[in-house]
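Each chain is listed here by its residues.
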Amino acid sequence: MDFLSQVLGYFTSGFLWDGAVLAVEITACSIVLGFILGLGVALLRMSRLTAVRAGAWFYIWLMRGTPQLLQLVFIFDALPAIGLKFDSFTTAVIAFSLSEAAFAAEIIRGGILSVNPQQGIAASSLGMGPATTLRRIVLPQALRSILPALAGNAIGMLKMTSVASVIFVSELTFRSQQIVGQTFEFFTVFTGAAMIYLVLTSVISAIQAYLEHALDPERSRGGVKGYGFLDKILPKRSVATPAKVGKSAAPAVSAADRSELVRKLLADSVKPSSTDEEPLIVCRRLWKSYGDRDVLKGIGLEVNRGEVVAVLGPSGSGKSTLLRMINHLETLDEGEITIGGRYVGYAKKDGKLVPTSGRAQARAEVGVSMVFQNFNLFANLTALENIMEAPIRVHGVPRDEAEKMARQLLATVGLSGHADHLPHHLSGGQQQRVAIARALAVKPRVMLFDEPTSALDPELVGEVLSVMRSLADAGMTMIVVTHEMNFAREVADRVVFFDEGEIVEQGRPEDVLDSPTKERTRRFLNRLGGEAEASEG
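Given the structure is predicted, the values throughout are model-derived calculations rather than measurements.

Caption draft 1: Fine view of the sheet that holds strand 8 (residues 446-450). Spatially, six strands are ordered 7-8-9-3-10-11 in an open sheet, and the strand pairing comes out mixed. Here the strands that pair on one side only, and so sit at the sheet edges, are strand 7 (368-371) and strand 11 (502-507). Each neighbouring strand pair of the sheet contributes to a mean axis angle of 20°, computed without reference to strand direction. Sheet topology places strand 3 (residues 308-312) next to strand 9 (residues 477-481); four bridges connect them, and they run parallel.

Caption draft 2: Local environment of the packing of helix 2 (residues 14-45) against helix 7 (residues 130-160). Put simply, helix 2 and helix 7 touch, their axes get as near as 11 Å, and they point 140° apart. As the angle between them shows, helix 2 and helix 7 are arranged oblique. When you trace helix 2 past helix 7, the crossing you get is right-handed. Across the interface between the two elements, A23, V24, T27, S30, I31, F35, L39 and L43 from helix 2 touch L134, L139, L143, I146, L150, N153, A154, M157 and L158 from helix 7. Split into classes, the residues belonging to the contact of helix 2 with helix 7 amount to 14 nonpolar, three polar and no charged.

Caption draft 3: The UniProt feature "transmembrane region" (unreviewed entry) in the chain, seen in detail. Taking the UniProt record as the reference, the feature "transmembrane region" (unreviewed entry) is found at residues 20-44, 56-76, 150-174 and 186-211. Helix makes up 56% of residues 150-174 and strand makes up 0%, while its end C-alpha atoms are separated by 25 Å.

Caption draft 4: Local environment of the environment of T482. Here T482 lies in the loop between strand 9 and helix 18 (485-490). Taking the C-alpha atoms as reference points, T482 and D450, 32 residues apart in sequence, are found 7.1 Å from one another. When sequence neighbours within four positions are dropped, the list of residues in contact with T482 reads A310, V311 and L312. Polar side-chain contacts of T482 include one of 2.9 Å to the backbone nitrogen of E484.

Caption draft 5: Region of the structure containing the packing of aromatic side chains. All chains considered together, the criterion is met by five aromatic pairs. Plain terms: the ring middles of F11 and W17 are 6.0 Å apart, the flat faces sit at 70° to each other, and that makes the pair edge-to-face. Residue classification places W17 among the partly exposed residues on the basis of a relative accessible area of 27%. Relative to F524, the ring of F497 lies with its centre 5.2 Å away and its plane at 40°, an arrangement referred to as tilted. Here F524 lies in helix 20 (residues 519-536) and F497 lies in strand 10 (residues 494-499), a separation of 27 residues in the sequence. Residue classification places F497 among the buried residues on the basis of a relative accessible area of 1%. Classification of F524 by relative accessible area gives buried; the value is 5%. In textbook terms, an aromatic cluster arises when at least three aromatic residues are bridged by ring pairs, as seen for W57, F58 and W61. Sitting above the plane of the F15 ring, R175 keeps its charged end 4.8 Å from the centroid.

Caption draft 6: Expanded view of the pairing of strand 9. Most of strand 9 sits inside the fold, with five of its five residues counted as buried. Residues T477, I479 and V481 line one face of strand 9 and the alternating positions M478 and V480 line the opposite face, and both faces are buried. Of the crossover connections in this fold, the one passing from strand 8 over helix 17 (residues 458-474) to the parallel strand 9 is right-handed.

Caption draft 7: Local environment of the layout of surface pockets. In this structure, the largest pocket encloses a volume near 1300 Å³. Around the largest pocket, the lining comprises 30 residues; the ones closest to its centre are R48, G120, I121, S124 and P130. Those elements that provide at least two residues to the lining of the largest pocket are helix 5 (88-114), helix 6 (117-125), helix 7 and helix 13 (359-366). Broken down by class, the residue content of the lining of the largest pocket amounts to 13 nonpolar, 12 polar and five charged.

Caption draft 8: View of helix 2. For helix 2, with 32 residues, the first-to-last C-alpha span of 45 Å sits near the 46 Å given by 1.5 Å per residue. With a side-chain oxygen lying 3.3 Å from the backbone nitrogen of F15, the N-terminal cap of helix 2 falls on S13.

Caption draft 9: Representation of the pattern of salt bridges. One pass over the structure, following the stated rule, counts 21 salt bridges. For R522, the salt bridge identified is with E519, shortest N-O distance 3.0 Å. Residue R522 and its partner E519 are both found in helix 20; the two are separated by three residues, about one turn of the helix. Residues joined in a network through salt bridges with shared partners are D499, E500, E502 and R520.

Caption draft 10: Broad picture of a nonpolar patch on the surface. Taken together, the side chains of W57, F58, W61 and L62 present a nonpolar region at the surface, about 450 Å² in accessible area. Tracing the backbone shows W61 in helix 3 (residues 50-65).

Caption draft 11: Up close: the sheet that holds strand 4 (residues 334-339). Spatially, three strands are ordered 2-1-4 in an open sheet, and the strand pairing comes out antiparallel. Every other strand in the sheet has two partners, leaving strand 2 (293-303) and strand 4 as the edge strands with one partner each. Across the sheet, the mean angle separating the axes of adjacent strands is 20° when strand polarity is ignored. Pairing between strand 1 (residues 281-290) and strand 2: eight bridges, direction antiparallel. When the sheet's bridge partners are listed, C283 is paired in strand 2 with L301.

Caption draft 12: Representation of the nonpolar core in the model. By size, the foremost hydrophobic cluster in this structure holds 58 residues, and its most contacted members are I436, M447, F449, M468, L471 and M478. Per element, the largest residue contribution to this core is nine residues, and it comes from helix 17. If sequence neighbours within four positions are ignored, M447 has contacts with S369, V371, I436, A439, L440, L471, M476, T477, M478 and I479. Grouped together as the second largest cluster of nonpolar side chains are 43 residues, A123, V303, F372 and V446 included.

Definitions and cut-offs
- Each chain carries its own residue numbering, running from 1 in the written order of its sequence.
- With pLDDT at 70 or above as the cut-off, local features in this predicted model cover only qualifying residues; side-chain atom pairs require 80 or more to be listed or tallied, and sums for whole chains, interfaces and linings still use all residues.
- The side-chain quantities take in all heavy atoms of the structure and omit both hydrogens and water.
- In this description, strands pair whenever DSSP reports at least two bridges between them.
- Comment: elements are numbered from the N terminus, with helices defined as DSSP H or I runs of at least four residues and strands as E runs of at least two.
- Think of each axis as a best-fit line through the C-alpha atoms, taken over the contacting stretch in the case of a helix, with angles from 0 to 180 degrees between the N-to-C directions.
- In these notes the angle categories are as follows: under 35 degrees is roughly parallel, over 145 is roughly antiparallel, 65 to 115 is roughly perpendicular, and the rest is oblique.
- Note on convention: the crossing is left-handed when the near helix lies turned anticlockwise from the far helix by less than a right angle, right-handed when the turn is clockwise.
- Here, two residues are considered to be in contact whenever any of their heavy atoms come within 4.5 Å of each other.
- Residue classes follow a fixed rule: Ala, Val, Leu, Ile, Met, Phe, Trp, Tyr, Cys and Pro count as nonpolar, while Asp, Glu, Lys and Arg count as charged, and any other residue, Gly among them, counts as polar.
- UniProt positions are given in the numbering used here, feature names are shortened, and annotations may be inferred rather than shown by experiment.
- Polar contacts, as used here, are pairs of N or O atoms within 3.5 Å; protein pairs need one atom able to donate a hydrogen and one able to accept it. Residues neighboring in sequence count only if both atoms are side-chain atoms.
- Two rings from Phe, Tyr or Trp (for Trp, the six-membered ring) form a pair when their centres sit within 6.5 Å of each other. Planes less than 30 degrees apart are called stacked, planes more than 60 degrees apart edge-to-face, and all others tilted.
- Here the term buried applies to any residue with accessible area under 20% of the maximum for its type, exposed to any over 50%, and partly exposed to those in between, with areas from a 1.4 Å probe on protein chains only.
- Here, a charge over a ring means that NZ of Lys or CZ of Arg falls within 6 Å of the ring centre while also lying within 35 degrees of the ring normal.
- Call a crossover right-handed when, viewed with both strands pointing away from you, the route from the first strand across the helix to the second goes clockwise.
- Cavity: a set of points on a 1 Å grid over the protein atoms alone where a 1.4 Å probe fits but cannot get out. Pocket: an open set with protein on both sides within 12 Å along at least five of seven lines, its lining residues, like those of a cavity, having an atom within 4 Å of a point.
- Grid points are joined across faces, edges and corners, and a volume is the space filled by probe spheres set on the points.
- One less than the residue count of a helix, multiplied by 1.5 Å, gives the span that helix is expected to have.
- When a carboxyl oxygen of Asp or Glu is within 4 Å of a side-chain nitrogen of Lys or Arg, the pair counts as a salt bridge.
- Residues forming no salt bridge and having over 30% relative accessible area are the ones grouped into patches, like charges within 9 Å of each other and nonpolar side chains (Val, Leu, Ile, Met, Phe, Trp, Tyr) within 5 Å.
- With residues, only the protein chains shown are counted as cover, and all accessible areas are computed by Shrake-Rupley using a 1.4 Å probe.
- By nonpolar core is meant a set of buried Ala, Val, Leu, Ile, Met, Phe, Trp, Tyr and Cys residues that side-chain atoms within 4.5 Å join together.

What follows is the structure, encoded as structure tokens:
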């Protein structure tokens, strides 16, 4: 009992707890500052500039490769030498922050790399800038994977604050040593100090559990089993569980009503074609190369307002590259592209187009939106939130108005009952219809579709094509890269056949598909027809 009472006495010692509070303050300040600095270093490590990447790597190499004690002493001696005088506490925070930044940078970089980069491309296509994309899409997903490592760093740093005693910081371990120096009760003193450390590290573990739960997109109003009281104090969100997800509900509106609804929602951007107007999209002499391979070779293409152009061709012929250049997700080598007479993220200097900053904003201003082959929905947001994100963040639409429009668009694509479902709880066809609704939410003048049905099971293709037909009926200007011959025949105003980076043939669907004049077009259509028959068989 005497031993236990002594340990308890030291555990409740105000002198030791004052040192513990000091250790916590150093740890908290250093973790926050280290995370902020580490995020910056991580982004520098991912820069396209070699010199910037090398500088960030050198910093990480230096700070991770030298002992914390030596860094602490060096900074304590070096700062006064250059005229910067701080107290021991501030010096310790600076030293620990600089060290933590190096470790946090690699943890954060790993978390960012774990997020599907296509989501960032999709955000950019909607007009979201790099900072907004990082804050709203990438970091919320990355944080879930990096949080355990950051919590481990915080626990390690709390215990490592003991080395700050060399610069006269009177933290917990230092105070324990002072008591031992007077009483020589090594075991009881350090046992009491260890119990204090256990309490403090347990608090960090509890905060980690809280944050993991708060960042879990699966949280619903019913809570998640296993978190106990945390379910009662965390903010709630409504997210459908997998058990509630069934087959796609029937469209909430008919095809005719859907087209009319699209016209009303996009009244300012969707207008019928007119022969008196200039072409909405003009591509002149487009060249694009990857290394020694020419992907596009002097392409020229014009698309009128309200026109639907279906682009066909074998894989690798340059179809998707053309779309990404129109949207300036790829930079052109030569030539020029205008939408409504404006360049998208280019400025002309000395007779040549030069890329400018703010490309995402330029896409938003010009009014061009894109639907991708693999959907690229934001994994951390529900279907409704996916659609609301760009109108709110890019166009400043009030949240209530954005939600009303998003629900209307979900009804338009027949997914009213799936508003609170996360993307991975939706079928491929449902995800693609949400992607279409998301692209429409920014009220574009031009919609680009990059093989929107190629990643879908055959039975899901029809529901996506039905929505696209309604867009065409509503007067949306569309360029659709597709292998769906029936869609091209029934919906497109013009078919363009690509091969080896060139436009081989173009014209009315019945002319190109039924009576092609070029041998390369005939070979492609025959091969495509054979594959379709084999698939049906």
